[in-house]
Amino acid sequence: MLTLLDLAPIVPILAVGILLLFLFVVVPGIVFLAVFLIRRAVKKKNKGE
Amino acid sequence: MRRLTLAVNCFSHFAVDFCCFYILFAADKPADGVEFLVYNTLAFALQFIVGAFCDAHRRFPASIVGVFLVAVALVLPHRTFSICTAALGNAVFHIGGGIDSLTDALGKMAPVGIFVSTGALGVSLGTLFAGSVYSTWLVPAVLLIISGVLLAVFAMPHKETEPPVAFDFASPLPMGAVIVAALASICIRSFAGFAAPAEWKTGAMLIFLASLAACLGKALGGVLADRFGPRAVGIPALIMSSVLLCIDTPVTALAGLLFFNMTMAINLSAIYSVLPENPGLSFGLTTLALYIGTLPMLFAKNGIPVLVVAALIVLSAALTYISSKKGAPRLKTGGNNAHSA
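Residues numbered from 1 in each chain as written. Chains lettered and ligands numbered in written order. Predicted model: local features only at pLDDT ≥ 70, side-chain atom pairs only at ≥ 80, totals over all residues. Heavy atoms only, no water.

Visitor: Describe in detail the overall build of chain A, supporting the description with residues and values.
Guide: In terms of helices and strands, chain A carries two helices and zero strands. Counting all 49 residues of chain A, 31% fall into the buried class. (Helix = DSSP H or I, 4+ residues; strand = E, 2+ residues; numbered from the N terminus. Buried < 20%, exposed > 50% of the residue type's maximum accessible area, 1.4 Å probe, protein only.)

Visitor: Summarise the confidence of the model for chain B; cite the residues concerned and give the values.
Guide: Residue and element names in this part refer to chain B. Here chain B averages 88 in pLDDT, and 92% of its residues register 70 or above. Least confident of the elements in chain B is helix α2 (residues 33–45), whose mean pLDDT is 88; most confident is helix α13 (residues 279–294), at 95. Overall, residues 334–341 carries pLDDT values under 50, and its contacts beyond four positions in sequence, including any with other chains, amount to 16 contacts. The ipTM value of the predicted complex is 0.82, and its pTM value is 0.89. (pLDDT = per-residue confidence, 0-100. Contact = heavy atoms within 4.5 Å.)

Visitor: Can you explain the side chain of Asn90(B)? Please cite residues and give values.
Guide: Residues and elements named next belong to chain B. Mapped onto the elements, Asn90 comes out in helix α5 (residues 79–103). What makes Asn90 buried here is its relative accessible area of 2%. Of the polar contacts made by the side chain of Asn90, one reaches the side chain of Asp17; its length is 3.1 Å. Those residues in contact with Asn90, other than ones at most four positions away along the chain, are Val16, Asp17, Cys20, Tyr39, Ala43 and Val70. (Polar contact = N/O pair within 3.5 Å; in protein donor to acceptor, adjacent residues only side chain to side chain.)

Visitor: Mind laying out the side chain of Asn261(B), listing which residues take part and the relevant values?
Guide: Its place among the elements puts Asn261(B) in the loop between α11 (250–260) and α12 (264–274). The residues contacting Asn261(B), other than those within four sequence positions of it, are Ala214(B), Gly217(B) and Lys218(B).

Visitor: Describe in detail the environment of Gly66(B), supporting the description with residues and values.
Guide: All names here are of chain B. You can see Gly66 is positioned in helix α4 (residues 62–75). Here the alpha-carbon distance between Gly66 and Gly122, two residues 56 residues apart in the chain, equals 15 Å. The contact partners of Gly66, leaving out residues within four places of it in the chain, are Gly89, Val92 and Phe93.

Visitor: With reference to specific residues and values, describe a nonpolar patch on the surface.
Guide: A contiguous nonpolar patch, built from Leu20(A), Leu21(A), Phe24(A), Val25(A) and Val26(A) and spanning about 470 Å² of accessible area, is present on the exposed surface. If you trace the backbone, Val26(A) turns up in helix α2 (residues 12–48). (Patch = residues over 30% accessible without salt bridge, like charges linked within 9 Å, V, L, I, M, F, W, Y side chains within 5 Å. Areas by Shrake-Rupley, 256 points an atom, 1.4 Å probe, with all protein chains shown as cover. Salt bridge = Lys/Arg side-chain N within 4 Å of Asp/Glu carboxyl O.)

Visitor: Quick one: what's the story with helix α1 (residues 2–25) of chain B, residue by residue and with numbers?
Guide: Here α1(B) spans 34 Å end to end across 24 residues, near enough to the 34 Å set by a 1.5 Å rise per residue. Most of α1(B) sits out of view: 18 of its 24 residues are buried. (Expected span 1.5 Å × (residues − 1).)

Visitor: Would you mind going over the packing of helix α10 (residues 230–244) of chain B against helix α14 (residues 306–323) of chain B in detail, with residue names and values included?
Guide: Residues and elements named next belong to chain B. Relative to each other, α10 and α14 sit at 175°, their axes nearing to 8 Å. Classed by the angle they form, the pair α10 and α14 counts as roughly antiparallel. Taken together, the residues of α14 that come into contact with α10 (itself represented by Arg231, Ile235, Leu238, Ile239, Ser241 and Ser242) are Ala310, Ile313, Val314, Ser316, Ala317, Thr320, Tyr321 and Ile322. For the contact of α10 with α14, a count of residues per class yields nine nonpolar, four polar and one charged. (Axes fitted to C-alpha atoms, helices over the stretch in contact; angles between N-to-C directions. Parallel < 35°, antiparallel > 145°, perpendicular 65-115°, else oblique. Nonpolar A, V, L, I, M, F, W, Y, C, P; charged D, E, K, R; others polar.)

Visitor: Talk me through the pattern of salt bridges; I want residue IDs and the actual numbers.
Guide: Residue and element names in this part refer to chain B. Summed over the entire model, instances satisfying the criterion amount to two salt bridges over all chains. Residues Glu35 and Arg79 are paired through a salt bridge, measuring 3.9 Å at the closest nitrogen-oxygen approach. Taken together, the positions of Glu35 in helix α2 and Arg79 in helix α5 put the pair 44 residues apart, joining distant regions of the chain. Using a relative accessible area of 12% as the deciding quantity, one classes Glu35 as buried. Where Lys325 meets Asp168, a salt bridge forms, and the shortest distance between an N and an O atom there is 3.3 Å.

Visitor: Tell me what's going on with the interface of chain A and chain B, and back it up with residues and numbers.
Guide: At the junction of the two partners, chain A supplies 22 residues and chain B supplies 29 residues. Summing both partners gives a buried area of about 2,100 Å² for chain A against chain B, and 87% of it is carried by carbon and sulfur. Put simply, chain A and chain B have zero salt bridges between them. Where chain A packs against chain B, one counts one residue pair in polar contact (both at pLDDT 80 or more). At the level of secondary structure, the elements contributing two or more residues to the side of chain A that touches chain B comprise α1 (4–7) and α2 of chain A. For the side of chain A that touches chain B, a count of residues per class yields 18 nonpolar, two polar and two charged. (Buried area = accessible area lost by both parts, 1.4 Å probe.)

Visitor: With reference to specific residues and values, describe unusual backbone geometry.
Guide: Here the phi dihedral of Leu106(B) falls at roughly 55°; this positive angle occurs in a residue that is not glycine. Within the element layout of this structure, Leu106(B) appears in the loop between α5 and α6 (110–130).

Visitor: An account of the packing of aromatic side chains is needed here, citing residue identities and associated values.
Guide: Residues and elements named next belong to chain B. In this structure the tally under the stated criterion is 11 aromatic pairs over all chains. Plain terms: the ring middles of Phe21 and Tyr39 are 5.9 Å apart, the flat faces sit at 80° to each other, and that makes the pair edge-to-face. Within this pair, whereas Phe21 is found in helix α1, its partner Tyr39 is found in helix α2, the two being separated by 18 residues in sequence. Feature note: the residues Phe14, Phe18, Tyr22 and Phe129 constitute an aromatic cluster, connected by ring pairs. (Phe/Tyr/Trp six-rings, centres within 6.5 Å; stacked < 30°, edge-to-face > 60°.)

This is the structure we're talking about:
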C-alpha cells in the first residue's frame with residue numbers, strides 16, 4: 001500500500017507538499033461539495049412532500 | 001428487457017474496469033503512487049458530481065460516454081492524460097450503469113448488487129492481463145467496442161413513461177442520519193478492507209479467487225437482502241467477515257471477503273431509499289465514502305493490528321444496522337411510486 005514515506009523520495013518536499021495540500025484542501029473541498037449536494041437533495045425532497 | 005439491460009451493464013462494467021486497470025498496469029512501467037492517487041480521486045471521489053449532473057439530465061447517455069472516454073484513454077499516447085481520461089470514463093460509466101440498475105430495479109436491491117459485482121473481476125483480470133506475456137491492447141479494445149455496441153442497442157436512456165418503484169431499505173430514522181450512518185459504514189469498511197491482513201494473497205490464482213469472492217459477495221448480498229431483509233443479511237455477514245478476514249489463510253480470507261462485500265448494495269440501497277430522486281448522487285456518494293476510507297492508509301506504514309480491523313468491521317455492522325430497515329422490504333405501489341410493470 002502507498003504510504004507518505006513512499007512518496008517522499010520522488011521529489012521530497014514538492015511531493016509531500018502536494019500531498020498535504022491535497023489532503024487538507026482538495027479532499028475537504030470535495031466533502032464540502034458532497035454535503036452541499038446532499039442538503040440540496042434533502043431540501044428538494046422535503047419540499048416535494 | 002430489464003434483465004438484458006442489466007446483463008449488458010454488467011458486461012460493460014467488467015470491460016471498463018478491465019481496460020482501466022490494463023491502462024494502469026500496462027506499458028513499460030506500471031502506474032506509480034501519485035498516478036494511482038490521481039486515478040482514484042478522479043474515478044471515485046468525483047462520481048457524485050457526475051451523478052448529480054446525470055440526476056438533473058436523465059437522458060444523458062452516461063454509460064456510453066464513459067465507455068467512449070475509456071476507449072479514448074486506450075489510444076492516448078501521453079500516459080498521464082491516458083490515466084486521467086480512463087479515470088473520468090470510469091466515473092461516468094459507473095454512474096450511468098448505477099442509475100440504470102437502481103431505477104430499473106422494480107424496488108429490488110439485487111440488480112445494483114449484481115451490477116457492482118462484475119467490476120471486481122475486471123480489476124483483477126485487467127491487472128493480471130496487463131502483466132502477462134499475452135498482454136496486447138487489442139483485447140481491451142475489442143471489449144470496449146462490444147460494450148459500446150451493446151449499450152447503444154440495449155441500454156440507451158429511454159424516456160421515462162413511469163416512475164421507478166421506490167426503494168424501501170432505509171431505517172425509519174431521519175434522512176440525514178440514514179445517509180451519514182450508511183456512508184460512515186462504507187467509509188470504515190473501506191479502511192478495514194485495506195487494513196485487513198493480505199499476506200495470503202500470493203500468486204495470480206489467489207488474486208483472481210479474491211476478486212471472484214468479492215464479486216459473488218456483492219451479487220449475493222443484494223439477492224439475499226431482497227429475500228430476508230438488509231439487517232438480517234448485512235449484520236451477520238459483516239460479523240462473520242470480521243473473524244474470517246483476520247485469520248490470515250486463503251480459505252478463511254476468501255470466505256471473509258465474500259461476506260465482507262455483501263453489504264455494499266445494502267448501504268447504497270439505504271441511501272437511495274431516502275434520496276429516490278437522486279440515484280446518481282446516491283451511487284456517487286458511496287464511491288466517495290469508499291475513497292475517503294482509503295486515505296488514512298497513506299499514513300499507515302506499519303499496518304493496523306488485526307483486532308482493530310475486526311473492531312472496525314463490527315462498527316461498520318452497527319452503522320449498517322442503524323441505517324437499514326428491519327425485515328424484508330415491501331414494494332410501495334401507491335401515489336407517485338405506482339408502477340405498472
